[in-house]
Amino acid sequence: MPLRLATWNINSVRLRIGLVEKLVREHRIDVLCLQETKCPDDKFPMSDVRKLGFEHVALHGQKGYHGVATFSRFPFVTTARERFADKDDARHLATTFAAGPLEGVTVHNFYVPAGGDEPDPIVNPKFAHKLQFLSELTDWSTRIADTGRRIMVGDLNIAPDPSDVWNHKQLLKIVSHTPVETEGLDAMREAGRWVDTVRSHVPHPEKLYSWWSYRAADWEAVDRGRRLDHIWASADVAARTTGVETLRFARSWERPSDHVPVIVDIV
DNA sequence: ATGGTCGAAGGTCGA
């Protein structure tokens, strides 16, 4: 049986720990990477996580905002909590597996800044911050490009291709799909020799989304989604992926996150 | 063209 690794922007882990349980039990998740936990480490619902069978837990949280967490059935060591773009935001967590199917593989769990509404770094410091974060991710990717056995997952807050958004032309000036962002993400992927494992299994131009705004009255009927959540891997690990799932129906779970889980199977 | 909804914190901000 392949290992199942999931990434999910949970938008408050304490509010939605029940949905985490549903995901893990119904989809046999072995490694789970969460973003936007919005939870300080000392308030994390650890006993619930242990009850789900995750003996190995790494946290990088802060009060109120951001926050990432990685759980696993297989042992790992936490190898980094890097800071980017001159801020101490909790947006990265690296874990390196010590045993199991991912032995020797490092999983990087990221929550990239959303960037605010106005796609102009001059007037919008949040967008400037996002672009700086992206630039530093490209440098970081360049530094590890010659190494194998790595996975990068998370909410990258960019939908890179026309088939990753409901309307390419209409979103060109909307933060998450502007050319400076999509080209930046492409540059980063190439710098790190990352393989977009989701698109390896669900090729363009098939539409694929992982996020739908809370603001739409009927998200499913309108279906104005974006693919903001990603699973990338070095070529050696990408070659071991046997399939991916994007759990669109999770957007209809009770009191849902605005993002849905994305899952990859690895042998 | 506009405004629409969430969550955590908590006397708003970030998404």
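Not measured: the values here are computed from a predicted model.

Participant: Which parts of the structure should I look at to understand the packing of aromatic side chains?
Facilitator: Ring pairs (aromatic) are described by centroid distance and by the angle formed between their planes. Per the stated rule, a full pass over the model turns up 13 aromatic pairs. When the ring of Trp-140 is compared with that of Trp-194, the centres are 6.2 Å apart and the planes differ by 20°; the resulting orientation is stacked. Here Trp-140, found in helix α3 (residues 125–144), pairs with Trp-194, found in the loop between α4 (179–191) and β9 (195–196); they are 54 residues apart in sequence, far enough to count as distant. Residue classification places Trp-140 among the buried positions, given a relative accessible area of 3%. Three or more aromatic residues joined by ring pairs form one cluster here, namely Phe-84, Phe-110, Phe-133, Trp-140, Trp-194 and Trp-232.

Participant: Please explain the sheet that holds strand β2 (residues 31–35) as it appears in this structure.
Facilitator: Note: strands within a sheet are paired through backbone hydrogen bonds, in either parallel or antiparallel orientation. Read from one edge of the open sheet, six strands run β3-β4-β2-β1-β14-β13, paired in mixed fashion. Two strands in the sheet have a free side with no partner beyond their single neighbour: β3 (56–60) and β13 (241–246). Neighbour-to-neighbour, the strand axes of this sheet turn through a mean angle of 10°, independent of strand direction. Here β2 pairs with strand β4 (residues 68–72) via five bridges, running antiparallel. Along β4, the bridge assignment pairs Gln-35 with Val-68.

Reading guide: rules and limits
- Residues numbered from 1 in each chain as written.
- Chains lettered and ligands numbered in written order.
- Predicted model: local features only at pLDDT ≥ 70, side-chain atom pairs only at ≥ 80, totals over all residues.
- Heavy atoms only, no water.
- Phe/Tyr/Trp six-rings, centres within 6.5 Å; stacked < 30°, edge-to-face > 60°.
- Helix = DSSP H or I, 4+ residues; strand = E, 2+ residues; numbered from the N terminus.
- Buried < 20%, exposed > 50% of the residue type's maximum accessible area, 1.4 Å probe, protein only.
- Pairing = 2+ DSSP bridges.
- Axes fitted to C-alpha atoms, helices over the stretch in contact; angles between N-to-C directions.

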